[in-house]
Amino acid sequence: MKVTDGLRQIRERLVEQDANRETLKLVDGILKRASLPAAESATAGSLLQLVRMLMRSPQASSNPAIYNDLVRVEEELEERAQEVRQRVEEEEARPIPKLKKYYKKK
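Residues numbered from 1 in each chain as written. Predicted model: local features only at pLDDT ≥ 70, side-chain atom pairs only at ≥ 80, totals over all residues. Heavy atoms only, no water.

(A) Just the nonpolar core, in detail. Residues Ile10, Leu14, Val51 and Leu70 are the most contacted members of the largest nonpolar core, which totals 23 residues. For this core, the elements supplying multiple residues, two or more each, are helix 1 (3-16), helix 2 (21-34), helix 3 (47-55) and helix 5 (64-93). Ranked by residue count, the leading element in this core is helix 3, at six residues. Ignoring any residue separated from it by four or fewer positions in sequence, one finds Ile10 in contact with Leu47, Leu50, Val51 and Leu54. (Core = buried A, V, L, I, M, F, W, Y, C linked by side-chain atoms within 4.5 Å. Buried < 20%, exposed > 50% of the residue type's maximum accessible area, 1.4 Å probe, protein only. Helix = DSSP H or I, 4+ residues; strand = E, 2+ residues; numbered from the N terminus. Contact = heavy atoms within 4.5 Å.)

(B) Summary view of the layout of surface pockets. Volume-wise, the largest pocket comes out at about 160 Å³. Lining the largest pocket are Val3, Leu7, Ile30, Arg33, Ala34, Ala39, Ala42, Leu50, Met53, Leu54 and Ser57. Contributions of two or more residues to the lining of the largest pocket are made by helix 1, helix 2 and helix 3. Looking at the lining of the largest pocket, its residues break down into nine nonpolar, one polar and one charged. (1 Å grid on protein atoms, 1.4 Å probe; cavity = no way out; pocket = protein on both sides within 12 Å on 5 of 7 lines; lining within 4 Å. Points joined across faces, edges and corners; volume = space filled by probe spheres on them. Nonpolar A, V, L, I, M, F, W, Y, C, P; charged D, E, K, R; others polar.)

(C) Spatial organisation of the packing of aromatic side chains. Under the defined criterion, the tally for this structure stands at one aromatic pair. Between Tyr102 and Tyr103 the ring centres are 5.2 Å apart and the planes differ by 85°, which places this aromatic pair in the edge-to-face class. The partly exposed category is assigned to Tyr102, whose relative accessible area is 34%. (Phe/Tyr/Trp six-rings, centres within 6.5 Å; stacked < 30°, edge-to-face > 60°.)

(D) Geometry of the pattern of salt bridges. Following the criterion strictly, the structure yields six salt bridges and no others. The closest approach of N and O atoms between Glu76 and Arg13, which form a salt bridge, is 2.3 Å. Residue Glu76 is found in helix 5, and its partner Arg13 is found in helix 1; the two are separated by 63 residues along the sequence. The class for Arg13 is buried, based on a relative accessible area of 12%. A salt bridge links Arg52 to Glu78; the nearest nitrogen and oxygen atoms lie 2.5 Å apart. One end of the pair, Arg52, is in helix 3; the other, Glu78, is in helix 5, and 26 residues separate them in sequence. Given a relative accessible area of 34%, Glu78 falls into the partly exposed group. Through salt bridges with shared partners, a single ionic network connects Arg52, Glu74 and Glu78. (Salt bridge = Lys/Arg side-chain N within 4 Å of Asp/Glu carboxyl O.)

Following this line, the structure appears as structure tokens:
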């Protein structure tokens, strides 16, 4: 996923959660830097990875309000990831029907 797309999604989540203005300012600043031509091709593995990178920023480390806003987004993303993992595990646990060859051998 492109970093700019991920940061926009994170910003939308922060707005939905009525995040602190300083948190939005942090995300906007990083989004502005990520939109530069030199950083345009930057990618991230997931939204969760981007949020964790934001949490390690100096602004988040020095301001508990920013850090707490980002933790809320991280928790939401982790819950969603857990649900997806659980759904995949359930699908894999379904019995697979045996082929006709299996019964012929018996």
